[in-house]
Amino acid sequence: MKHLLHRLLLPVIVAAASLAGVFAARTEAAPSPQRPPNIILVITDDQGKNDLACEGNPWVQTPNLDRFHSESVRFTNFHVSTTCAPTRGALLSGRHTDRINVPHTIAGRSLLFDDERILPEILAQNGYATAMFGKWHLGDNYPYRPEDRGFQEAVWHAAGGVGQGPDYWGNDYFDDTYHHNGRLEKFEGYCTDVFFREALRFIEANRDRPFFTYIATNAPHGPLNCPEDYIDRYADIPELNDTLRRFYGMITNIDDNFGRLRARLAELGLADNTILIFMTDNGTAYGSKAFDAGMSGHKGSVLEGGHRVPFYIQWPAGGIGGGRDIGALTAHFDVLPTLVELAGLRFTPHKPLDGRSLVPLLRGETPEWIDRIITVDTQRVLNLTKYKAYSVMQGEWRLVNGNRLYDLRTDLKQQHNVIDQHPEIAERLALAYEGWWASLLAEGADTRHAWIRVGTPWENPTRLAAHDLLSVDIGRAWHQFGIIEPTPAVGLWKVDFVSGGRYRFALRRFPRESGLAINATFPAAPKQRRIADTAPAATKDDFAEARLYIGAHAFRAPITDEEEIVFEADMPPGRFDVDARLIDRAGRFYPAYYLYIEKL
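Being a predicted model, the structure only gives us computed values, none of them experimental.

Let's shift gears to the confidence of the model for the protein chain. Residues of the protein chain with pLDDT of at least 70 account for 94%, and the chain-wide mean is 94. Ignoring residues within four places in sequence, the model shows residues 1-33, a span with pLDDT below 50, making 66 contacts including any to other chains.

Turning our eyes to something else, we now look at helix H10 (residues 423-442). Here H10 is 20 residues long and its end C-alpha atoms lie 29 Å apart, about the 28 Å a rise of 1.5 Å per residue gives. Taken from the residues just after H10, Gly444 is the one with a positive phi, measuring 75°.

A word on the side chain of Ser514. Turning to its location among the elements, Ser514 is positioned in the loop between strand S20 (501-508) and strand S21 (543-550). A polar contact of 3.2 Å, which involves the side chain of Ser514, links it to the backbone nitrogen of Leu516. In this view, Ser514 contacts Trp169 and Arg508; residues no more than four positions away in its chain are not counted.

Right, let's talk about the pairing of strand S14 (residues 390-394) for a bit. Taken across its five residues, S14 has five buried, putting it largely inside the fold. Where burial is concerned, the two faces of S14 agree: the one with Tyr390, Val392 and Gln394 and the one with Ser391 and Met393 are both buried. In this sheet, S14 lies alongside strand S13 (residues 374-377) in antiparallel orientation, the contact comprising four bridges. Counted as the bridge partner of Asp377 is Tyr390 from S14.

A few words on the environment of Val335. Within the element layout of this structure, Val335 appears in helix H8 (residues 335-343). Judged by its relative accessible area of 1%, Val335 falls in the buried class. Separated by 199 residues in sequence, Val335 and Trp136 have C-alpha atoms that sit 17 Å apart.

With mixed pairing, ten strands are arranged side by side in an open sheet as S7-S6-S5-S4-S8-S1-S9-S10-S2-S11. What marks the edges here is a single partner per strand, and that holds for strand S7 (183-186) and strand S11 (324-326). Strand-to-strand twist in this sheet, taken as the mean axis angle between neighbours without regard to direction, amounts to 20°. Sheet analysis places strand S2 (residues 73-75) next to S11, joined by three bridges and oriented parallel. Within S11, the residue paired with Phe75 across the bridge is Ile326. Packing of helix H3 (residues 84-93) onto the sheet brings it into contact with strand S1 (38-44), strand S4 (129-135), strand S8 (211-216) and strand S9 (274-280), and relative to S8 it is tilted by some 165°.

Applying the stated criterion to the full structure yields 52 salt bridges. Across the salt bridge formed by Arg95 and Glu116, the nearest N and O atoms sit 2.8 Å from each other. Of the two residues, Arg95 is situated in the loop between H3 and helix H4 (119-125) and Glu116 in the loop between H3 and H4; the sequence distance between them amounts to 21 residues. Glu116 matches Arg95 in its accessibility class, with the two residues each being buried. One salt bridge connects Asp496 with Arg575, and the closest N-O pair in it is separated by 3.8 Å.

What follows is about the packing of helix H2 (residues 63-71) against helix H7 (residues 242-267). At a minimum axis separation of 7 Å, H2 and H7 run at an interaxial angle of 55°. The pairing of H2 with H7 is recorded here as oblique in orientation. Taking contact as the criterion, the partners of Pro63, Asn64, Leu65, Arg67, Phe68 and Glu71 in H2 are, on H7, Asp255, Asp256, Phe258, Gly259 and Arg262.

Before going further, it helps to spend a moment on the sheet that holds strand S18 (residues 462-465). Strand order in the open sheet formed by four strands is S18-S26-S20-S23, and the pairing between neighbours is antiparallel. Of all the strands in the sheet, just S18 and strand S23 (564-571) have a single pairing partner and so form its edges. Averaged over all pairs of adjacent strands, the angle between their axes in this sheet comes to 20°, without regard to strand direction. Sheet topology places S20 next to S23; eight bridges connect them, and they run antiparallel. Counterpart to Arg502 in the pairing with S23 is Asp570.

Glancing now at H7. Helix length check: H7 (26 residues) gives 37 Å between terminal C-alpha atoms against 38 Å at 1.5 Å per residue, within 8%. By the criterion of burial, H7 is predominantly enclosed, with 19 of the 26 residues buried. Count one or two residues on from H7 and you reach Gly269, which has phi positive near 75°.

So, on to the nonpolar core. In terms of nonpolar packing, the biggest core is built from 54 residues, with Phe497, Phe505, Leu548, Leu595 and Ile597 touching the most fellow members. Every residue in contact with Ile597, bar those within four places of it in the chain, is listed here: Val454, Asn460, Pro461, Thr462, Leu464, Val495, Phe497, Tyr503, Arg504 and Phe505. In terms of nonpolar packing, the next biggest core, distinct from the first, is built from 52 residues, Ile326, Leu336, Leu339 and Leu353 among them.

It is worth spelling out the environment of Phe497 at this point. Here Phe497 lies in strand S19 (residues 493-497). Owing to a relative accessible area of 1%, Phe497 belongs among the buried residues under this scheme. Residues Phe497 and Lys599, 102 residues apart in the sequence, show an inter-C-alpha distance of 9.5 Å. Every residue in contact with Phe497, bar those within four places of it in the chain, is listed here: Val454, Tyr503, Phe505, Ile550, Met571, Pro572, Pro573, Gly574, Phe576 and Ile597.

Another aspect to go through is the packing of aromatic side chains. Here the structure, examined in full by the defined rule, presents 31 aromatic pairs. Look at Phe133 and Phe202: their rings are 6.2 Å apart centre to centre, the planes differ by 55°, and that puts the pair in the tilted class. Taken as a pair, Phe133 in strand S4 and Phe202 in helix H5 (residues 191-205) lie far apart in primary sequence, 69 residues in all. Here Phe133 and Phe202 have matching classes, each one buried. Each ring, one from Tyr234 and one from Tyr248, has its centre 5.9 Å from the other, and the planes form 50°; the classification is tilted.

Another aspect to go through is the packing of H5 against H7. It is at 10 Å that the axes of H5 and H7 come closest, and there the two elements cross at 10°. When the axis of H5 is compared with that of H7, the two are roughly parallel. Along the contact surface, H5 presents Thr192, Asp193, Phe196, Leu200, Ile203 and Glu204, while H7 presents Asn253, Ile254, Asn257, Phe258, Arg260, Leu261, Arg264 and Leu265. The class makeup of the residues in the contact of H5 with H7 is seven nonpolar, three polar and four charged.

Conventions and cut-offs
- Residues numbered from 1 in each chain as written.
- Predicted model: local features only at pLDDT ≥ 70, side-chain atom pairs only at ≥ 80, totals over all residues.
- Heavy atoms only, no water.
- pLDDT = per-residue confidence, 0-100.
- Contact = heavy atoms within 4.5 Å.
- Helix = DSSP H or I, 4+ residues; strand = E, 2+ residues; numbered from the N terminus.
- Expected span 1.5 Å × (residues − 1).
- Polar contact = N/O pair within 3.5 Å; in protein donor to acceptor, adjacent residues only side chain to side chain.
- Buried < 20%, exposed > 50% of the residue type's maximum accessible area, 1.4 Å probe, protein only.
- Pairing = 2+ DSSP bridges.
- Axes fitted to C-alpha atoms, helices over the stretch in contact; angles between N-to-C directions.
- Salt bridge = Lys/Arg side-chain N within 4 Å of Asp/Glu carboxyl O.
- Parallel < 35°, antiparallel > 145°, perpendicular 65-115°, else oblique.
- Core = buried A, V, L, I, M, F, W, Y, C linked by side-chain atoms within 4.5 Å.
- Phe/Tyr/Trp six-rings, centres within 6.5 Å; stacked < 30°, edge-to-face > 60°.
- Nonpolar A, V, L, I, M, F, W, Y, C, P; charged D, E, K, R; others polar.

Right, dumping it as structure tokens:
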């Protein structure tokens, strides 16, 4: 049976759009008679449902998370996006990631639109102390940083992973330099230990008021840099290769930190009135070959293993816990409306939410939306593309890419296409996809851009990184290793000059903290057991010219032994595409991997 979506009639598509699963009603519950609950949300990076002992993995050691699993309510049919930033955007906004400019992890498509109201802003407006620790991945410049989006305390690394282009140069998970409330600060220790330690410090300082703590570990995302003692815990398991020993070691380190978090909450007398959530951001990146939990797919895949993840929630004072499973179809964008209702927050959405409050399910009730339809897709392109890798889900049915239908009740591994046996189900799900896509276009999701603002008192100078270039072929220009190699690419930054005046533009290959010249060369970093991927050698020393194009200005200057090439210009207020390039002696184009814009 060929692609059903192309055979659907427009009137049916329009009708289906009204059933896209969004709502705009006021979401509020009567507040608890006691102090509003504290909220702690722990989300790990690239750990799948199959990377926990409590989910059946025979190798990984997660005793603390196993205990939490036994004491919490588990949503067993819970879904996220298939990669990092898209999940974070939907989780915090309550809206599908394709609506909010986060369908990708790079290329300017991981900057969460600044007109979206997100969870930390809502909580702060309701009197909560708010903090985040770890991986943000929704924008590294004003107005997209966590401190711009409702977090009063923030310790975070830039980009989608430690060692990527916007991250502090040379960070490697150990004794790194992170952003802390708008400034750079060096922290001692392994990254996961640092983020949990700082979270506990915040919790202790705010124990006498409601708080929201968002702990978003970058582990076990690659590179698989891991303390040696955690690697050694898996040394005697012949079934595991070095990659899996590192990967599982990072997970066990998370588990130890999660155990310390719970113990300290109990010591402080906070455990009873704290909503504690554990989840992950997409399917496993490395673990599917060791144990697949009966699913096909992994990170990036629209098969079940790419987006079906653990979601455990406990709130003893609210009667949530006890080791109970809920099998209804649920998703990351349900978390915001759920917490709004549980905490009795004042919040009226100004845009329709895709999420539904899960409180009826937690109470054992059957909501009217129980047969909802949800779409998950993997875009990872510059511009939203219809029919790009997707799965339409209803209950245990999955329509994958329009031509494969799976019944997970008998085929969790998605090996048997039953589209010919159930054409009416396939058509229903195909219609829902058309309605959902029409709702994206109605919001202009395919035409809007996120503009980085410069010339403000909140960030000056502004450092742009090639990671956020709008580019159809960015290669590895988004990563520090791609800068060292270096990787050719051409693209534009979308920049909003908030105020007019004189500006200085500094084009660089390496960031200022590196102290390296554009044509600097150096050997590969020495091997270390705890470091999985060491930096390559820099050998390219033939950059000859720098160019900058912005508005009516076109600059060029030769490159010899400089660290940066500087131009100045008078800029009016307004929005401009900015193109900054480095050109080698053979005439090949590379981006200025870093561009510093400073209002003088």
